[in-house]
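# Examining the three-dimensional arrangement
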Amino acid sequence: MSIWVPGGSLLTLSCVAGVQDIQATRACGQPPVSLNRIVKGKDAVPGEFPWQISLQLNQRHVCGGSLIAEEWVITAAHCFYQYTKWTYRSNQSPATVTPPHSFCHVSRFRDLSQYQVLLGVTQLSNPGPQACCLGVKQIIIHPTYEGQTSSGDIALVQLSRKVHYSDLILPICLPDASVKFPPGKVCWVTGWGNLRNSVILPSPQTLQKVKVPIIGTKTCSELYRTDMGDGLTPRIIKDDMICAGYQEGMKDACKGDSGGPMVCLVDQSWVLAGIVSWGEGCANKNRPGVYSRLTYYENWIHSYIPDIEFVKEPSSRVLRDWWQVSKGQKHAEVHLPAHASCLSGSSVMLFSLCLLILM
């Protein structure tokens, strides 16, 4: 998909000056436009998905991604590779690449100066005055990534400078390892990828959104073993993967959506449940989309971005907050349910037992 971003220097300037700047303390996963505003149609509207970014190579859209902090984006590892033999590390400081330790059928990193990250955009062909285009300072690939359909298909991208938050540029929340995404939970996938196999998104290339339900790992594995050709090795859905979509197909991510977000509502905030990773074709029957599971990578992300916060499972958070109150510690942000305001001795014991289990 060929994308030309007009006025590139002006867009870069808008990142520094900002338009309708918002304090960096604004909560993640809180778009100014409700995702329920449009019931019909697939086009997103400005402000619905303010964390969505376009990863561009030589001014062409190649992958999606998500803003997770003022200078950090998260996307898929496979977005940075061509499937050839490789060895590359940038010698131009401060731009550096942290490649995986080992590779099978490994690929070649491209020059970092060829990458840009476009933020605050709904229509790629018509970015608008609040759009922001930044260079890439660093790319960090997860060390377990070994190529298509492998584990570790996740990458952190450090931007060349911090971005100013606005109604069109806001981070998505990241889920704590305690957060569960049960089968049937409905989430949203967004991107500027193909509408179908070999059918590109037409101008003005408006961001597309689709609702997909989570599919359990066992069910997903069984679907990928269905209608297999003779002698083919079945795809393995690993612990760091999460599936979503429909058994009948019809709705799915496609080429160009790679690295983009699958977001789910958790306790009134939108959180990044998965990163578009792989699948067989686009929206094919018995071949749901497979995503990198964010809860699996909490420690890895935290090791590079120590001050980033993760959203906890609501029930887990209530119990932990209650435990702090019960010990007599001040906790201004604690909000207990009404039925928990007066606990009997047996209830205290039950809460304590639950807390120990959760810990």
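Our subject in this report is the structure included herewith. (Residues numbered from 1 in each chain as written. Predicted model: local features only at pLDDT ≥ 70, side-chain atom pairs only at ≥ 80, totals over all residues. Heavy atoms only, no water.)

### Looking at the side chain of R293
- Of note, R293 is situated in strand β14 (residues 289–293).
- Summary of buried charges: R293 has no salt-bridge partner, and the nearest side chain of opposite charge, D239, is 7.3 Å away.
- Reaching out from R293, the side chain makes a polar contact with the backbone oxygen of D239 at a distance of 3.5 Å.
- Residues contacting R293, with those up to four places away along its chain left out, are T217, D239, D240, M241, I242 and A273. (Helix = DSSP H or I, 4+ residues; strand = E, 2+ residues; numbered from the N terminus. Buried < 20%, exposed > 50% of the residue type's maximum accessible area, 1.4 Å probe, protein only. Lys, Arg positive; Asp, Glu negative; His and termini not counted. Salt bridge = Lys/Arg side-chain N within 4 Å of Asp/Glu carboxyl O. Polar contact = N/O pair within 3.5 Å; in protein donor to acceptor, adjacent residues only side chain to side chain. Contact = heavy atoms within 4.5 Å.)

### Things to note about the nonpolar core
- The biggest cluster of nonpolar side chains holds 60 residues, and the ones touching the most others in it are L67, I68, I74, F80, V117 and I301.
- Looking at this core, the elements with two or more residues in it are β1 (52–57), β2 (60–69), β3 (72–75), β5 (115–119), β6 (132–141), β7 (155–159), β13 (269–278) and α3 (298–304).
- Here the element with the most residues in this core is β6; it accounts for 7 residues.
- Not counting residues up to four positions away in its chain, the partners in contact with I301 are I74, L156, L174, L294, I308 and F310.
- Membership of the second largest hydrophobic core comes to 19 residues, among which are V210, A244, A253 and Y291. (Core = buried A, V, L, I, M, F, W, Y, C linked by side-chain atoms within 4.5 Å.)

### Thoughts on the sheet that holds β14
- Taken in spatial order, the 6 strands of this closed barrel run β9-β10-β11-β14-β13-β12, and their pairing is antiparallel. Within the sheet, the average angular offset between the axes of one strand and its neighbour, ignoring direction, is 45°.
- As defined by bridge partners, strand β10 (residues 208–215) adjoins strand β11 (residues 241–244) across 2 bridges and the pair is classed as antiparallel. Its bridge partner lying in β11, I214 is registered against A244.
- This element, helix α2 (residues 217–224), spans β10, β11, β13 and β14 of the sheet and lies at about 105° to β10. (Pairing = 2+ DSSP bridges. Axes fitted to C-alpha atoms, helices over the stretch in contact; angles between N-to-C directions.)

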